[in-house]
Amino acid sequence: VQLQACGGGLVQAGGSLRLSCAASRSIGGINAMNWYRQAPGKQRELVAAITRGGTTTYVDSVKGRFTISRDNAKNTVSLQMNSLKPEDTAVYYCNAVQWWGSSRYDYWGQGTQVTVSS
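Just so it is clear, the structure is predicted and the values come from calculations on it, not from any experiment.

Draft legend 1. Summary view of the packing of aromatic side chains. Evaluation of the coordinates by the stated rule reveals two aromatic pairs. Relative to Trp108, the ring of Tyr93 has its centre 6.5 Å away and its plane inclined at 85°; by these criteria the two rings are edge-to-face. In this pair, Tyr93 is assigned in strand 9 (residues 90–100) and Trp108 in strand 10 (residues 103–108), connecting sequence segments 15 residues apart. Judged by its relative accessible area of 16%, Tyr93 is buried. Note on Trp108: relative accessible area 35%, which makes it partly exposed. In textbook terms, an aromatic cluster arises when at least three aromatic residues are bridged by ring pairs, as seen for Tyr36, Tyr93 and Trp108.

Draft legend 2. Structural view of the state of the cysteines. As enumerated under the stated definition, the model contains one disulfide in all. Bridging Cys21 to Cys94, the disulfide has an S-S length of 2.1 Å. Taking the torsion about the sulfur-sulfur bond, which here is approximately -85°, the covalent link between Cys21 and Cys94 counts as left-handed. Taken together, the residues Cys21 in strand 3 (residues 17–23) and Cys94 in strand 9 connect sequence positions 73 residues apart. The two residues Cys21 and Cys94 agree in class, both being buried.

Cut-off values and rules
Residues numbered from 1 in each chain as written. Predicted model: local features only at pLDDT ≥ 70, side-chain atom pairs only at ≥ 80, totals over all residues. Heavy atoms only, no water. Phe/Tyr/Trp six-rings, centres within 6.5 Å; stacked < 30°, edge-to-face > 60°. Helix = DSSP H or I, 4+ residues; strand = E, 2+ residues; numbered from the N terminus. Buried < 20%, exposed > 50% of the residue type's maximum accessible area, 1.4 Å probe, protein only. Disulfide = S-S within 2.5 Å.

Listed below in structure tokens is the structure:
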């Protein structure tokens, strides 16, 4: 599956952005859709995840501020980011995880830059 992320940009602290990720095919069977981010000089981290069943998880630093959602009918996953902080500045990547038996397959989007100014 190919993933295309969009929605990044420059925003002031306290502002909001909505990231979207469009998949090239149905995501209904995808086990998990995730958003990762990578800030300069830091490792890529998992920000938010949503399973096929709709269960969501978040890294502690974004809980209460970010919301991940998926629309299986439109083959999209979104990340609503509110109350943004400068430390949220990073390149955000959409990721899809598909398990086939014991094998895990990861698919990545191209990344979208989010910059939060103080």
